[in-house]
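One letter stands for each residue in the lines below.
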Amino acid sequence: IERDCTIHIVTDLLEYSKNAVSNHKTAKTKDARFTNVKNNLIIKRKNLITDDIDKIIVIDDVVTTGASLIIATEKLKQAGAKEIIRFAFAQTVSL
């Protein structure tokens, strides 16, 4: 089965507001990280979330609490995204 597949790489679909604090330096607790992301992560290019887009892949470098990927998914769904795939290159490990 052959299927058309067009991939667009959009590096600035999401961004943090100027009020965001560094989750690695300032927001240390899980609750603080989620609050920081929820209050400061914005969809910069909502116009790109259209009915003809089947999937959006969100890539994060390192997952600590998952706040960035979880909140990004919530906000993208609210903006009309049909399916969001989350991916990270690494996950922190607590011993």
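These numbers come from a predicted model, not from an experiment.

A. A look at the environment of Glu83. Note on placement: Glu83 falls in strand β4 (residues 83-91). Contact partners of Glu83, with chain neighbours within four places excluded, come to Asp54, Lys55 and Ile56.

B. Layout of the side chain of Thr73. For Thr73, the position within the fold is in helix α2 (residues 67-78). Of note is the side chain of Thr73, whose polar atom sits 2.8 Å from the backbone oxygen of Leu69. Apart from the residues within four sequence positions on either side, Thr73 is in contact with Ile84 and Arg86.

C. Fine view of the pattern of salt bridges. In the structure shown here, the tally under the stated rule is three salt bridges. The salt bridge partner of Lys44 is Asp12, with a shortest N-O separation of 3.6 Å. Here Lys44, found in the loop between β2 (41-43) and β3 (55-63), pairs with Asp12, found in the segment before β1 (14-16); they are 32 residues apart in sequence, far enough to count as distant. By relative accessible area, Asp12 is classed as partly exposed at 24%. In this structure, the salt-bridge partner of Arg45 is Asp12, at a minimum N-O distance of 2.9 Å. Here the residue Arg45 occupies a position in the loop between β2 and β3, and Asp12 occupies one in the segment before β1, the gap between them amounting to 33 residues. Owing to a relative accessible area of 29%, Arg45 belongs among the partly exposed residues under this scheme. Members of the salt-bridge network, linked through shared partners, are Asp12, Glu15, Lys44 and Arg45.

D. Quick peek at the packing of aromatic side chains. All told, the structure shown has one aromatic pair when counted by the stated rule. Relative to Phe89, the ring of Phe87 lies with its centre 5.2 Å away and its plane at 85°, an arrangement referred to as edge-to-face. You can call Phe89 exposed: its relative accessible area is 62%.

E. Seen up close, the pairing of β3. Pairing of β3 with β4, which is carried by eight bridges, proceeds in the parallel orientation. The partner of Ile57 across the bridge, within β4, is Ile85. A crossover connection joins β3 to the parallel β4 through α2; in handedness this β-α-β unit is right-handed.

F. Quick look at a nonpolar patch on the surface. On the surface, Ile57, Ile59, Ile85, Phe87 and Phe89 cluster together into a nonpolar patch covering about 520 Å² of accessible area. Going through the elements one at a time, β3 and β4 are the ones with two or more residues in the nonpolar patch. Among the elements that make up the nonpolar patch, the one with the highest residue count is β4 (three residues). Within the secondary structure layout, Ile85 lies in strand β4. Residue Ile85 is classed as partly exposed on the basis of its relative accessible area, which comes to 34%.

Reading the values: the criteria
- Residues numbered from 1 in each chain as written.
- Predicted model: local features only at pLDDT ≥ 70, side-chain atom pairs only at ≥ 80, totals over all residues.
- Heavy atoms only, no water.
- Helix = DSSP H or I, 4+ residues; strand = E, 2+ residues; numbered from the N terminus.
- Contact = heavy atoms within 4.5 Å.
- Polar contact = N/O pair within 3.5 Å; in protein donor to acceptor, adjacent residues only side chain to side chain.
- Salt bridge = Lys/Arg side-chain N within 4 Å of Asp/Glu carboxyl O.
- Buried < 20%, exposed > 50% of the residue type's maximum accessible area, 1.4 Å probe, protein only.
- Phe/Tyr/Trp six-rings, centres within 6.5 Å; stacked < 30°, edge-to-face > 60°.
- Pairing = 2+ DSSP bridges.
- Right-handed = clockwise from strand over helix to strand, strands pointing away.
- Patch = residues over 30% accessible without salt bridge, like charges linked within 9 Å, V, L, I, M, F, W, Y side chains within 5 Å.
- Areas by Shrake-Rupley, 256 points an atom, 1.4 Å probe, with all protein chains shown as cover.

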